[in-house]
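# Notes for the structure review
Spelled out, the chains give:
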Amino acid sequence: MHVKKGDTVIVLRGKDKGQTGKVLMALPRDAKVVVEGVNMVTKHVKPSASSPQGGIEKREGAVHASKVALVDPETGKATRIRKQIVDGKKVRVAVGSGKVID
C-alpha cells in the first residue's frame, strides 16, 4: 500500500472529501485505512469494565486506500508517490516535489 500508519493523508472522495488526518491504522489485506476524524460511525458499546455505562460512541470507520492521497511535505497538497532506492534503502518519494517521505 502507498500509505502507512502515521502518514498524513487527504481524502479525495466521499462525504469527507478535502479533510486531512493522520492514518491511525492500515489494513493492507482489505486495502483500507483508518484516518483520524474521517468517516465517523456510530458504535453501540456494551457495558464493560472499561466503560461501565456502555452506550453509543463515535469512532473512525475504515476508508478504502484508493480514496486517500499522501500529503506532500513541501506543498501541503495531495501527491502520488514513487519508490526509489536512496543510499541502498527503498524509500517513498513524492512525485510532485521529489522530497523523500520515509
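Residues numbered from 1 in each chain as written. Predicted model: local features only at pLDDT ≥ 70, side-chain atom pairs only at ≥ 80, totals over all residues. Heavy atoms only, no water.

Named according to an unreviewed UniProt entry, the chain is Large ribosomal subunit protein uL24 originating from Deinococcus oregonensis. Here the chain is described in UniProt, under the heading Sequence similarities (unreviewed entry), as follows: "Belongs to the universal ribosomal protein uL24 family." (UniProt positions renumbered as here; feature names shortened; annotations may be inferred.)

Before going further, it helps to spend a moment on the sheet that holds strand β7 (residues 68-71). Whether parallel or antiparallel, the strands of a sheet pair through hydrogen bonds between backbone atoms. Taken in spatial order, the six strands line up as β6-β3-β2-β1-β7-β8 in an open sheet, and their pairing is antiparallel. The open sheet has two edge strands, β6 (62-64) and β8 (78-79), and neither has a second partner. Summarising the sheet, strand β1 (residues 8-11) and β7 pair through three bridges and their orientation is antiparallel. The partner of Val11 across the bridge, within β7, is Val68. (Pairing = 2+ DSSP bridges. Helix = DSSP H or I, 4+ residues; strand = E, 2+ residues; numbered from the N terminus.)

One finds Val3, Val9, Val11, Val23, Val33, Val35, Val38, Val63, Val68 and Leu70 forming the largest nonpolar core, which totals ten residues. Counting residues per element, the ones that place at least two in this core are β1, β3 (32-35) and β7. Residue contacts for Val38: discarding those within four places in its chain leaves Val11, Asp16, Gln19, Glu60, Gly61 and Val63. (Core = buried A, V, L, I, M, F, W, Y, C linked by side-chain atoms within 4.5 Å. Buried < 20%, exposed > 50% of the residue type's maximum accessible area, 1.4 Å probe, protein only. Contact = heavy atoms within 4.5 Å.)

Let's shift gears to the side chain of Asp7. Residue placement: Asp7 occurs in the segment before β1. Residue classification places Asp7 among the buried positions, given a relative accessible area of 10%. At a separation of 2.7 Å, a polar atom in the side chain of Asp7 contacts the main-chain amide nitrogen of Lys4. Asp7 has contacts with His2, Gly21, Lys22, Val23, Leu70 and Arg92, leaving out every residue within four places of it along the chain. (Polar contact = N/O pair within 3.5 Å; in protein donor to acceptor, adjacent residues only side chain to side chain.)

Let us now look at the pattern of salt bridges. Where charged atoms of side chains with opposite charge meet at close range, the side chains can pair. Applying the stated criterion across every chain, the model contains three salt bridges. Where Glu57 meets Arg59, a salt bridge forms, and the shortest distance between an N and an O atom there is 2.9 Å. Exposure remark for Arg59: the relative accessible area of 36% places this residue in the partly exposed category. Across the salt bridge formed by Lys99 and Glu74, the nearest N and O atoms sit 3.6 Å from each other. In this pair, Lys99 is assigned in the segment after β10 (89-94) and Glu74 in the loop between β7 and β8, connecting sequence segments 25 residues apart. Since its relative accessible area comes to 40%, Lys99 is described here as partly exposed. (Salt bridge = Lys/Arg side-chain N within 4 Å of Asp/Glu carboxyl O.)

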